[in-house]
Amino acid sequence: SAAEGKAQVHSVEQSDECFKIAQGLVKEGVNFYLSKPCVFETPWVPDRKLARYSQLPEGVWDLVVVDGPGPWMEGERLIDFPSGDIFELMDKMMKGGQIYVQGRVETSQLMDRYFSEFVEIVQARAGFTLFRRNGKKFDGSLKVDKLLERYKSVNYLKKHGFNS
C-alpha cells in the first residue's frame, strides 16, 4: 500500500498451508492475511463468475500481484474461476501503478477486454501480463468492450444475424 508514503507489503493467502509457506519465505516486513476464497459476480465483468478473497487489506495500491485465489474444493466440486479481486481494486490503484498478473490468462484477457480505458499492457509473456494504471478516474462505469468493438469492426455480428 502506498497510502502512507512508505512501502508496505501485504500477502493474502487462501489456506493455512499457503499461509505457513508464505510466512516461511519472508520473515519480516510483510503483513500476512488468511482469507478464504469465494465466488462473486460484478457488473464490470458481465455474465461471468469470478473468484476473490473474502477479505482484502485496505489501501491505495502502487503494485498488485495477482496470483490467486487458486482453485479450491467445496464438497466434491472443484471451484476454479478467473481471479477477480483486481477488478474490485481498480479505483484504489494509483496512477502509474503496476498490476502483475501471474499466470492467470483469463484474468488478463478480461482486464484487457473491459478495463482497457483504465490500464495498458506494458508487457505480456508466457506466464504473466504486466499492466499499468493510467490516470483516468474509475467511476464504476465501463464504456469499452474491446471484443464487442472488434466484432463490430469486422461486421461479425451482422454477418451472423445479430442486430448490433
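Every chain's residues receive numbers from 1 upward, in the order its sequence appears when written. Local features in this predicted model are restricted to residues whose pLDDT is 70 or higher, and side-chain atom pairs enter the listing and the counts only when it is 80 or higher, whereas totals over whole chains, interfaces and linings include all residues. Excluding hydrogens and water, the side-chain values take into account all heavy atoms of the structure.

1. What to know about the overall build of the protein
Argument step 1. Tallying secondary structure elements over the protein gives five helices and 10 strands in all.
Argument step 2. The principal-axis extents of the C-alpha atoms in the protein amount to approximately 60 × 45 × 30 Å.
Argument step 3. Type-normalised accessible area, obtained with a 1.4 Å probe on protein chains alone, sets the label of each residue: buried when under 20%, exposed when over 50%, and partly exposed for intermediate values. Looking at the protein as a whole, 36% of its 164 residues qualify as buried.
Argument step 4. Only the protein chains shown count as covering a residue, and every accessible area follows the Shrake-Rupley method with a 1.4 Å probe. Accessible surface for the protein amounts to roughly 10,100 Å². Of this, 51% is attributable to carbon and sulfur atoms. Secondary structure elements are taken from DSSP: a helix is a run of H or I of four residues or more, a strand is a run of E of two residues or more, and numbering for both begins at the N terminus.

2. What about the sheet that holds strand β9 (residues 119-125)?
Strand pairing in a sheet takes place through backbone hydrogen bonds and is either antiparallel or parallel in direction.
Argument step 1. The rule for pairing is simple: two strands pair if DSSP sees at least two bridges between them. Strand order in this open sheet of four strands is β5-β8-β10-β9, and the pairing throughout is mixed. Each having just a single partner strand, β5 (61-66) and β9 make up the two edges of the open sheet. Neighbouring strand axes in the sheet, compared pairwise and without regard to direction, differ in orientation by 15 degrees on average.
Argument step 2. Sheet topology note: the β9/strand β10 (residues 128-133) ladder contains six bridges and is antiparallel. Throughout, an axis means a line fitted to C-alpha atoms (over the contacting stretch in the case of helices), and angles, computed between N-to-C directions, take values from 0 to 180 degrees.

3. Regarding the side chain of T107
Argument step 1. On the secondary structure map, T107 appears in helix α3 (residues 105-115).
Argument step 2. Judged by relative accessible area, T107 falls into the buried class, the value being 1%.
Argument step 3. Aside from chain neighbours lying at most four places away, what touches T107 is P82, S83, I86, F87 and V101. Any two residues whose heavy atoms approach within 4.5 Å at even a single point are treated as in contact.

4. Remarks on the nonpolar core
Considering soluble globular proteins, one finds that nonpolar side chains tend to be buried as a cluster.
Argument step 1. Grouped together as the largest cluster of nonpolar side chains are 22 residues, with contacts concentrated most on I86, F87, M90, I99, M111 and F115.
Argument step 2. The element best represented in this core is α3, accounting for four residues.
Argument step 3. Sequence-distant contacts of F115, that is, excluding residues within four places in its chain, are made with W44, V45, F87, M90, L110, F138 and L142. Here, the term nonpolar core denotes a set of buried Ala, Val, Leu, Ile, Met, Phe, Trp, Tyr and Cys residues that are joined through side-chain atoms within 4.5 Å.

5. Some thoughts on the state of the cysteines
Joining two cysteines, a disulfide is a covalent bond between their sulfur atoms.
Argument step 1. The definition used for a disulfide is geometric: two cysteine sulfur atoms within 2.5 Å. Within this structure, the stated rule accounts for zero disulfides.
Argument step 2. Cysteine C18 remains unbridged, with the sulfur of C38 as its closest cysteine sulfur at 16 Å.
Argument step 3. Among the residues examined, C18 registers a relative accessible area of 32% and is labelled partly exposed.
Argument step 4. Owing to a relative accessible area of 21%, C38 belongs among the partly exposed residues under this scheme.

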